[in-house]
Amino acid sequence: MTGEFTGDGATFESVADGAARRRVMAAVVDLVCRRGLRAAELGTVADLAGVSGAWLRGYFADVEALIGEVVRIQVRDVFEGPGRRLMAAVSAEDLYRWRDAVTARYRATWISAGYPLGIVVHEVTGREGRVSRALAASLGPWQSALEGAFERLRERGELAPGSRPAELATAVMGALVGAMGRCRKAGASADVLEPFDLMLRHVLAASGR
């Protein structure tokens, strides 16, 4: 992660010692899930992960940079695999399969304290800051990919000619992100992303799908 995040997350992921990196990621996820973003500090994360604060600051200038990297990884883990299906989607059935894959990936991120990405979404909703911008930047390409899928469906007659793919993509992704935030503490077996499912069904209903 570059730009405002002066600690380069990509370097951290590719170069930092694997075991230490995993402990740091686990520590910050657990800390944010249990105590919220405001309780997260680099020193606390370093102590929980069993690494030195100086070593961690070599990669991240502050805790917001570290949480921004957690957001990037969480979004990648949830969306990257299903994203290949999304970018090739040409039918409503393809989008339903993408929905199922995203839901399965999201449920797989659950820990006993809740869903890390959902908790971050809840914490940053309505707030300006680097973490909220990191979240928007990470989700942006997938919203664009969904818009492209809706465009293809419209071209194939699966959506009404007057449909607006950009607005549909905004509505569906908004429902997905909102569901993540609202159901952040739900159990792994709960239907945590039901509003996302309902919105996608609503958007595709005009085609009779």
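Every value quoted in this text rests on a predicted model; they were computed, and no experiment measured them.

A. Molecular detail of the overall build of the protein. For the protein, the helix and strand inventory stands at 10 helices and 0 strands. Within the protein, the proportion of its 209 residues that are buried is 50%. The long-range share in the protein, meaning contacts at least 24 apart out of those at least 6 apart in sequence, stands at 69%. Just so you have it, the protein exposes about 9,700 Å², and 51% of that area is on carbon and sulfur atoms.

B. Structural detail: the layout of surface pockets. One number sums up the size of the largest pocket: a volume of about 210 Å³. Looking at the lining of the largest pocket, the elements with two or more residues in it are α5 (63–87), α7 (116–124) and α8 (130–155). Tallied by class, the residues present in the lining of the largest pocket amount to 5 nonpolar, 2 polar and 6 charged. If you add up the space inside the second largest pocket, you get close to 160 Å³. Those elements that provide at least two residues to the lining of the second largest pocket are α2 (18–35) and α5. Top contributing element to the lining of the second largest pocket by residue count: α2, with 4 residues. For the lining of the second largest pocket, a count of residues per class yields 7 nonpolar, 2 polar and 1 charged.

Reading the values: rules and limits
Residues numbered from 1 in each chain as written. Predicted model: local features only at pLDDT ≥ 70, side-chain atom pairs only at ≥ 80, totals over all residues. Heavy atoms only, no water. Helix = DSSP H or I, 4+ residues; strand = E, 2+ residues; numbered from the N terminus. Buried < 20%, exposed > 50% of the residue type's maximum accessible area, 1.4 Å probe, protein only. Contact = heavy atoms within 4.5 Å. Areas by Shrake-Rupley, 256 points an atom, 1.4 Å probe, with all protein chains shown as cover. 1 Å grid on protein atoms, 1.4 Å probe; cavity = no way out; pocket = protein on both sides within 12 Å on 5 of 7 lines; lining within 4 Å. Points joined across faces, edges and corners; volume = space filled by probe spheres on them. Nonpolar A, V, L, I, M, F, W, Y, C, P; charged D, E, K, R; others polar.

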